[in-house]
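Close look at the chain arrangement
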Amino acid sequence: MLDRKVAFISIGILAVFILLALVFRDAVTHSIDTAFAASSQWFGGYWQYLLLVTFLVAIVLAFTPYARARMGGTATVEYSRFKWLAMIMSTLLAGGGVFWAAAEPVAHYLDEPPHFGTAATAQERVTNALAQSFVDWGFLAWAILGTLGAVVMSYAHSKGMPLRPRTLLYPVMGKKILTSWVGTVADIVSVLAVVAGTVGPIGFLGLQVSYGISALTGIPDGYPMQLTIIAVLTGVAALSVSSGLSKGIQILSRVNIWMALILMAAVLLLGSAGYVLRAWVGGFATYVADFFSLSLYQGDQAWLSGWTVFFFGWFVGYAPLMSVFVARISHGRTLRDLLLSNAVLAPVVTTGWFTVLGGTGLAMELQNPGSVTGAYASDGVPAVVMSISAQLPLSLPVAVFFLILTTMFVTTTTDSMSFAIAQSCTASGEPSTRMRATWAVIMGVAAAVLISIGDGGIGALQSFIVITAVPVGFLMLPSVFAAPVFARRMAIEQGVVTPRGGTARAAGEGSAEPAPEAVAGAEAQAGKVPTGGSPYEAEIGLATADVPEAEPAVTSAGRSAERG
């Protein structure tokens with residue numbers, strides 16, 4: 001059932017923004033830039049700590065007995081591991097998976113990050129550039145997108161809550177959030193954040209791929225070419241999301257990952273595999289060694305707002321709908337699998353991907369100074385990919401492959417987020433096919449209109465996601481405290497852990513805490529959390545030290561599904 005209030009208000013705000021950008025472009029750009037600067041200055045530090053704490057809690061939780069509980073309370077894994085990881089990674093990486101992977105290390109090599117100061121050697125600059133890129137796209141980014149929020153979503157959904165951003169406030173407000181105006185605001189802000197964060201890449205994709213095609217073929221790089229690219233992407237995304245998760249979305253995701261693996265192998269074989277490996281080891285070692293100081297660096301605010309805080313704000317803006325999406329496709333996965341795959345495996349793979357593309361570009365730069373940084377300085381981000389391709393053997397097919405892969409990544413993000421947005425605008429049940437396709441078309445049209453006035457309109461919209469990250473950042477905060485509590489409840493309800501002695505304590509017997517088995521039993525009978533307060537309040541006092549591991553209710557079937 002469509003939630004008309006959330007859907008129509010979200011569409012209305014987007015339409016007003018586009019209209020104002022068309023009519024009052026300079027005024028809108030100035031207002032957005034001012035709000036962006038204020039958001040980065042006042043909340044950038046909060047986002048850094050939020051992402052760091054989320055990552056640390058996720059890692060600790062992954063190694064508790066509770067992490068053997070399963071998402072959705074079922075041992076049946078809906079998607080194989082490859083399909084599951086492909087959908088998650090393709091959705092987040094988007095265009096950044098190609099253009100920024102190549103360009104960001106080069107940008108940091110050209111303009112050294114202030115955290116490191118001036119490097120003594122060119123190779124040290126390479127190491128520092130890669131380490132800084134890993135900060136922006138590494139452990140913290142992935143943790144906020146697919147760990148604690150997804151746990152809260154899954155548990156709350158099992159208690160009758162919908163897969164919508166408002167459910168992230170379930171630990172605080174309980175089922176009151178279903179009808180509260182606070183829930184409506186949470187949904188609208190989350191939808192607008194993701195729309196801004198998706199329309200931006202669609203628009204920039206039109207600009208970047210048009211630039212690449214022009215460089216390869218000589219076809220003029222103008223609005224007709226950009227419009228054609230966006231139209232094709234939008235059409236494919238609309239068809240994909242209309243076919244559902246099990247068809248279009250997961251098929252496109254798998255194609256993306258296979259294409260990325262092929263491109264990685266080609267770049268390594270045609271470039272310098274040995275140098276790339278050494279560069280990754282050096283960059284990753286620096287990232288890990290300086291992990292806390294890099295993650296929490298706040299020295300140069302102007303630089304931070306253009307890099308780390310910008311990306312962190314972007315990921316915070318995406319976090320609620322990514323939590324919806326990850327919870328939806330993770331049924332049957334253990335919490336340990338979810339947490340470690342998203343907080344550790346995915347970011348490590350991402351650092352490797354960034355090193356293959358960006359490290360190869362830096363190797364070329366060291367051999368021929370200015371061959372890559374010169375292109376970046378003159379023509380920006382898309383020029384780096386084309387510059388790297390031009391210096392590799394088989395440059396033409398490699399460049400074409402780069403452009404196709406980038407388009408595929410952005411298409412997958414568009415269809416996945418169209419599904420999540422439609423889900424957020426649905427009061428109950430699955431979103432309709434029409435609603436899913438409508439959002440894909442809306443975002444494509446918005447990108448096409450905004451690039452008609454130049455990249456300033458798209459840039460303003462991308463900055464807008466950082467502004468919406470201000471309220472969204474507080475929406476993600478309860479998950480930090482509630483996810484461990486809900487993980488414990490899931491583990492008890494599923495028989496993964498039991499209180500010491502295997503019997504429930506009587507309330508007030510040696511403790512003022514409620515008996516955990518009694519709480520679980522009451523919920524199992526009523527199908528909801530105890531009344532009289534939020535579920536988080538009901539459980540927060542429960543001790544965790546007295547819960548040893550027990551044989552899970554799902555044994556051989558669960559292990560078989562897990563191997564799948």
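Conventions used here
Residues numbered from 1 in each chain as written. Predicted model: local features only at pLDDT ≥ 70, side-chain atom pairs only at ≥ 80, totals over all residues. Heavy atoms only, no water. Helix = DSSP H or I, 4+ residues; strand = E, 2+ residues; numbered from the N terminus. Buried < 20%, exposed > 50% of the residue type's maximum accessible area, 1.4 Å probe, protein only. Contact = heavy atoms within 4.5 Å. Areas by Shrake-Rupley, 256 points an atom, 1.4 Å probe, with all protein chains shown as cover. Polar contact = N/O pair within 3.5 Å; in protein donor to acceptor, adjacent residues only side chain to side chain. Axes fitted to C-alpha atoms, helices over the stretch in contact; angles between N-to-C directions. Parallel < 35°, antiparallel > 145°, perpendicular 65-115°, else oblique. Left-handed = near helix turned anticlockwise from the far one by under 90°. Nonpolar A, V, L, I, M, F, W, Y, C, P; charged D, E, K, R; others polar. Phe/Tyr/Trp six-rings, centres within 6.5 Å; stacked < 30°, edge-to-face > 60°. Lys NZ or Arg CZ within 6 Å of the ring centre and 35° of its normal. Core = buried A, V, L, I, M, F, W, Y, C linked by side-chain atoms within 4.5 Å. Patch = residues over 30% accessible without salt bridge, like charges linked within 9 Å, V, L, I, M, F, W, Y side chains within 5 Å. Salt bridge = Lys/Arg side-chain N within 4 Å of Asp/Glu carboxyl O. Lys, Arg positive; Asp, Glu negative; His and termini not counted. Expected span 1.5 Å × (residues − 1). pLDDT = per-residue confidence, 0-100.

**Overview of the overall build of the protein**
- Of regular secondary structure, the protein possesses 25 helices and zero strands.
- Burial analysis of the protein (564 residues in total) assigns 59% to the buried set.
- Summarising the internal contacts of the protein: among those between residues at least 6 apart in sequence, 83% fall at separations of at least 24.
- Approximately 20300 Å² of the protein is accessible, and the part contributed by carbon and sulfur atoms is 66%.

**Structural notes on the side chain of Ser-416**
- Among the secondary structure elements, Ser-416 is positioned in helix H19 (residues 395–424).
- For Ser-416, the side chain forms a polar contact with the main-chain oxygen of Thr-412, separated by 2.9 Å.
- In contact with Ser-416, not counting residues within four places along its chain, are Thr-91, Ile-249 and Phe-325.

**Description of the environment of Phe-291**
- As for its placement among the helices and strands, Phe-291 is situated in helix H13 (residues 291–295).
- Here Phe-291 falls in the buried class, since its relative accessible area comes to 9%.
- Considering only alpha carbons, one finds Phe-291 and Phe-139, 152 residues apart in sequence, at a separation of 9.7 Å.
- Phe-291 has contacts with Leu-52, Phe-55, Phe-139 and Leu-140, leaving out every residue within four places of it along the chain.

**So, the packing of helix H9 (residues 181–217) against helix H20 (residues 433–451)**
- The interhelical angle for the contact between H9 and H20, taken along N-to-C directions, is 55 degrees, at an axis separation of 8 Å. Classified by the angle between their axes, H9 and H20 sit oblique to one another. Where H9 crosses over H20, the handedness of that crossing is right-handed. Residue-level inspection shows Val-191, Val-195, Thr-198, Val-199, Ile-202, Gly-203 and Leu-207 of H9 in contact with H20, the latter providing Trp-439, Met-443, Gly-444, Ala-446, Ala-447, Leu-450 and Ile-451.
- Residues that form the contact of H9 with H20 fall into these classes: eleven nonpolar, three polar and no charged.

**Let's talk about the packing of aromatic side chains**
- All told, the structure shown has 25 aromatic pairs when counted by the stated rule.
- A centroid spacing of 6.2 Å and a plane angle of 70 degrees characterise the contact between Phe-139 and Phe-291, whose relative ring orientation is edge-to-face. With Phe-139 in helix H6 (residues 139–146) and Phe-291 in helix H13, this pair connects stretches of sequence that are 152 residues apart.
- Through successive ring pairs, a cluster of aromatic residues spans Phe-36, Trp-100, Trp-137, Trp-307, Phe-310, Phe-311, Trp-314, Phe-315 and Phe-354.
- Lying over the aromatic face of Trp-84, Arg-333 brings its terminal NZ or CZ to 4.9 Å of the ring centre.

**As for the environment of Gly-495**
- Looking at the secondary structure, you find Gly-495 in the loop between helix H22 (477–493) and helix H23 (516–526).
- We classify Gly-495 as partly exposed; its relative accessible area is 24%.

**Looking at the nonpolar core**
- The biggest cluster of nonpolar side chains holds 189 residues, and the ones touching the most others in it are Tyr-287, Trp-353, Ile-421 and Trp-439.
- Counting residues per element, this core draws most heavily on helix H15 (residues 308–329), which supplies 16 residues.

**Re a nonpolar patch on the surface**
- Among the surface-exposed residues, Val-16, Leu-19, Leu-20, Leu-22, Val-23 and Phe-24 lie close enough to one another that they form a single nonpolar patch of about 540 Å² accessible area.
- Residue classification places Phe-24 among the partly exposed residues on the basis of a relative accessible area of 48%.

**Let's talk about unusual backbone geometry**
- At Leu-394, a residue that is not glycine, the phi angle is positive and equals roughly 55 degrees.
- Here Leu-394 shows up in the loop between helix H18 (381–390) and H19.
- Residue Leu-394 is classed as exposed on the basis of its relative accessible area of 59%.

**Digging into the environment of Phe-63**
- Here Phe-63 shows up in the loop between helix H2 (25–62) and helix H3 (81–93).
- Judged by its relative accessible area of 60%, Phe-63 is exposed.
- In the structure, Phe-63 is positioned 272 residues away from Leu-335 in sequence and 9.8 Å away in space, judged by C-alpha atoms.
- The residues touching Phe-63, leaving out its near neighbours within four places in the chain, are Arg-336 and Leu-340.

**Here we look at the packing of H3 against H19**
- Two elements in contact, H3 and H19, have axes separated by 7 Å at closest approach and are oriented at 105 degrees. Here H3 is positioned roughly perpendicular relative to H19, judged by the angle of their axes. Residue-level inspection shows Ser-90, Thr-91 and Leu-93 of H3 in contact with H19, the latter providing Phe-409, Thr-412, Thr-413, Ser-416 and Met-417.
- Considering only residue class, the contact of H3 with H19 consists of three nonpolar, five polar and no charged.

**Quick look at the side chain of Glu-104**
- When you line up the elements, Glu-104 lands in helix H4 (residues 99–110).
- The side chain of Glu-104 is buried and forms no salt bridge, while Arg-125, the nearest opposite charge, is found at 15 Å.
- Side-chain polar atoms of Glu-104 contact the side chain of Trp-137, separated by 3.0 Å.
- Beyond its immediate sequence surroundings of up to four residues, Glu-104 is in contact with Gln-132, Ser-133, Asp-136, Trp-137, Trp-307, Phe-311 and Phe-354.

**Let's talk about the pattern of salt bridges**
- Scanning the model with the defined rule gives ten salt bridges in all.
- Two residues, Arg-125 and Glu-112, come together in a salt bridge whose shortest N-O distance is 3.9 Å. Of this pair, Arg-125 sits in helix H5 (residues 122–137) while Glu-112 sits in the loop between H4 and H5, and the two are 13 residues apart along the sequence.
- Using a relative accessible area of 24% as the deciding quantity, one classes Arg-125 as partly exposed.
- Its salt-bridge partner being Arg-164, residue Asp-187 comes within 3.1 Å of it at the nearest N-O pair.

**Structural notes on H19**
- Here H19 contains 30 residues, and its C-alpha end-to-end distance of 43 Å stays within 8% of the 44 Å for a straight helix at 1.5 Å per residue.
- Taken across its 30 residues, H19 has 24 buried, putting it largely inside the fold.

**Quick word on the confidence of the model for the protein**
- Scored by pLDDT, the protein comes out at a mean of 83, with 87% of its residues at no less than 70.
- Here residues 503–532 scores under 50 on pLDDT; set against residues more than four positions off or in separate chains, the count is 46 contacts.
- Residue range residues 536–564 is modelled with pLDDT below 50. Its contacts to residues more than four positions away, or to other chains, number 68 contacts.

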